[in-house]
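Structural description and commentary
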Amino acid sequence: MNNKSTFLNYEVMKEEITPDNVFAMAEIIAFTETRYLIGYMGTQMQKMYIDLYKDILNKNDVTRALSDGYDLVQECALCLCEHYGKHLNEIIGYTKKGKKITVQMACIRRMNKLINRKSRDRYRNISLEELTRKSEPTVEMKEEVQQDYEQCDKIVESLNLTDNMRIALECRMAGLSYPEIGRILPISNTSRRVDSADTSLRVRKCP
């Protein structure tokens, strides 16, 4: 790999941000940040770093497609475009803890958010070509368990409910409210309240 000083002009980092030097600055910031993140993100960032190096080295080759790593350069350039006329070390804000935020730090933050999104997408999307028997996604199908109502029927029989009480109980088990049950039972309001209350009391006492 060629010496980075042969294709990256670090003197541009001292200049005022202009349309003419935005991409030169963005390439340096992205290149140095990916190299720094290798120690934290391992092989994934190492590959992005190498791809980015090749992109910068061969960016004038119109027949070559740029890698995902160059997205970081473009994201950084977009951030720099918002600060024409400033220098990278100029303060543009403060964190919640009162720490200074420079133009360069703001660009790095934008790039890190993009890196995080790419990392999440990488783990969420599985390539069929990379699947092995152990890594294949599996779906567990739970067997449908048939509910046994025999015990429930025995309990209901032991309550010695009247017809109206049984209807009220079935309605409650179906999720109906007391006013809805009242519209179903063909008896007076007083009887409905008594039957519903008596049924609820008997059910609570049931073991």
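Look a little higher up for the structure.
Everything in this summary refers to the structure shown in the same document. These numbers come from a predicted model, not from an experiment.

Digging into the overall build of the protein chain
Helix and strand counts for the protein chain stand at eight helices and two strands. In sequence order, the protein chain lays out its α and β elements as α-α-α-β-β-α-α-α-α-α. Accessible area of the protein chain: about 15000 Å², with a carbon and sulfur share of 51%.

Regarding the pairing of strand E1 (residues 91-94)
Bridge analysis of E1 against strand E2 (residues 100-102) gives three bridges, and the strand direction is antiparallel. Looking at E2, one finds that Ile91 is bridged to Thr102. Connecting the antiparallel pair E1 and E2 is a turn made up of five residues, with Gly98 showing a positive phi of about 90°.

So, helix H2 (residues 43-57)
The periodicity of an α-helix, 3.6 residues per turn, causes residues three or four positions apart to be oriented the same way. Between its terminal C-alpha atoms H2 stretches 21 Å, which fits the 21 Å expected from 15 residues at 1.5 Å a residue. Every buried residue of H2 is accounted for by Gln44, Met45, Met48, Tyr49, Asp51, Leu52, Tyr53, Asp55 and Ile56.

A short note on the side chain of Ser67
Relative to the helices and strands, Ser67 is located in the loop between H2 and helix H3 (70-81). Residue class for Ser67 comes out buried when judged on its relative accessible area of 19%. Here Asp55 takes part through its side chain, which lies 2.4 Å from a polar atom of the side chain of Ser67.

Considering the packing of aromatic side chains
Taken as a whole and judged by the stated rule, the model has three aromatic pairs. Ring plane angle 50° and centroid distance 5.4 Å describe the contact between Tyr36 and Tyr40, whose orientation is recorded as tilted. Here Tyr36 and its partner Tyr40 are both found in helix H1 (residues 22-41), four residues apart, which amounts to about one turn of the helix. When its relative accessible area of 49% is taken as the criterion, Tyr36 is described as partly exposed. Given the relative accessible area of 62%, Tyr40 is considered exposed. Among the aromatic residues, those joined into a ring-pair cluster are Phe31, Tyr49 and Tyr53.

Remarks on the packing of H1 against H2
As a packed pair, H1 and H2 sit with axes 7 Å apart at the nearest point and diverge in direction by 160°. Judged by the angle between their axes, H1 and H2 are roughly antiparallel. The two elements H1 and H2 meet at a crossing, and its hand is left-handed. Counted together, Glu27, Ala30, Phe31, Thr34, Arg35, Leu37, Ile38 and Met41 of H1 and Thr43, Gln44, Met45, Gln46, Tyr49, Leu52, Tyr53 and Ile56 of H2 form the full contact between these two elements. The residue inventory of the contact of H1 with H2, partitioned by class, reads 10 nonpolar, four polar and two charged.

Quick word on the packing of H1 against H3
Remark: H1 packs on H3, axes separated minimally by 8 Å, with the N-to-C direction vectors making an angle of 125°. In terms of their interaxial angle, H1 and H3 are classed as oblique. The crossing of H1 and H3 is right-handed. Residue-level inspection shows Val22, Phe23, Met25, Ala26, Glu27, Ile29, Ala30 and Thr34 of H1 in contact with H3, the latter providing Tyr70, Leu72, Val73, Gln74, Cys76, Ala77, Leu80 and Cys81. The residue inventory of the contact of H1 with H3, partitioned by class, reads 13 nonpolar, two polar and one charged.

Comments concerning the nonpolar core
With 33 residues, the main nonpolar core has Leu80 and Leu88 as its most contacted residues. Broken down by secondary-structure element, the contributors of at least two residues to this core are H1, H2, H3 and helix H4 (103-124). The contact partners of Leu88, leaving out residues within four places of it in the chain, are Met13, Ile17, Met25, Ile29, Leu80, Thr102, Val103 and Gln104.

A word on H1
Its 20 residues place the ends of H1 27 Å apart at the C-alpha level, agreeing with the 28 Å of an ideal helix rising 1.5 Å per residue. Along H1, the residues that are buried comprise Val22, Met25, Ala26, Glu27, Ile28, Ile29, Ala30, Phe31, Glu33, Thr34 and Leu37. Just past H1, the residue Gly42 takes up positive phi, approximately 70°.

Observations regarding the pattern of salt bridges
Taken as a whole and assessed by the stated rule, the structure comprises six salt bridges. When salt bridges with common partners are traced through the structure, they connect Glu75, Glu82 and Arg110 into a single cluster.

Cut-offs applied
Residues numbered from 1 in each chain as written. Predicted model: local features only at pLDDT ≥ 70, side-chain atom pairs only at ≥ 80, totals over all residues. Heavy atoms only, no water. Helix = DSSP H or I, 4+ residues; strand = E, 2+ residues; numbered from the N terminus. Areas by Shrake-Rupley, 256 points an atom, 1.4 Å probe, with all protein chains shown as cover. Pairing = 2+ DSSP bridges. Expected span 1.5 Å × (residues − 1). Buried < 20%, exposed > 50% of the residue type's maximum accessible area, 1.4 Å probe, protein only. Polar contact = N/O pair within 3.5 Å; in protein donor to acceptor, adjacent residues only side chain to side chain. Phe/Tyr/Trp six-rings, centres within 6.5 Å; stacked < 30°, edge-to-face > 60°. Axes fitted to C-alpha atoms, helices over the stretch in contact; angles between N-to-C directions. Parallel < 35°, antiparallel > 145°, perpendicular 65-115°, else oblique. Left-handed = near helix turned anticlockwise from the far one by under 90°. Contact = heavy atoms within 4.5 Å. Nonpolar A, V, L, I, M, F, W, Y, C, P; charged D, E, K, R; others polar. Core = buried A, V, L, I, M, F, W, Y, C linked by side-chain atoms within 4.5 Å. Salt bridge = Lys/Arg side-chain N within 4 Å of Asp/Glu carboxyl O.

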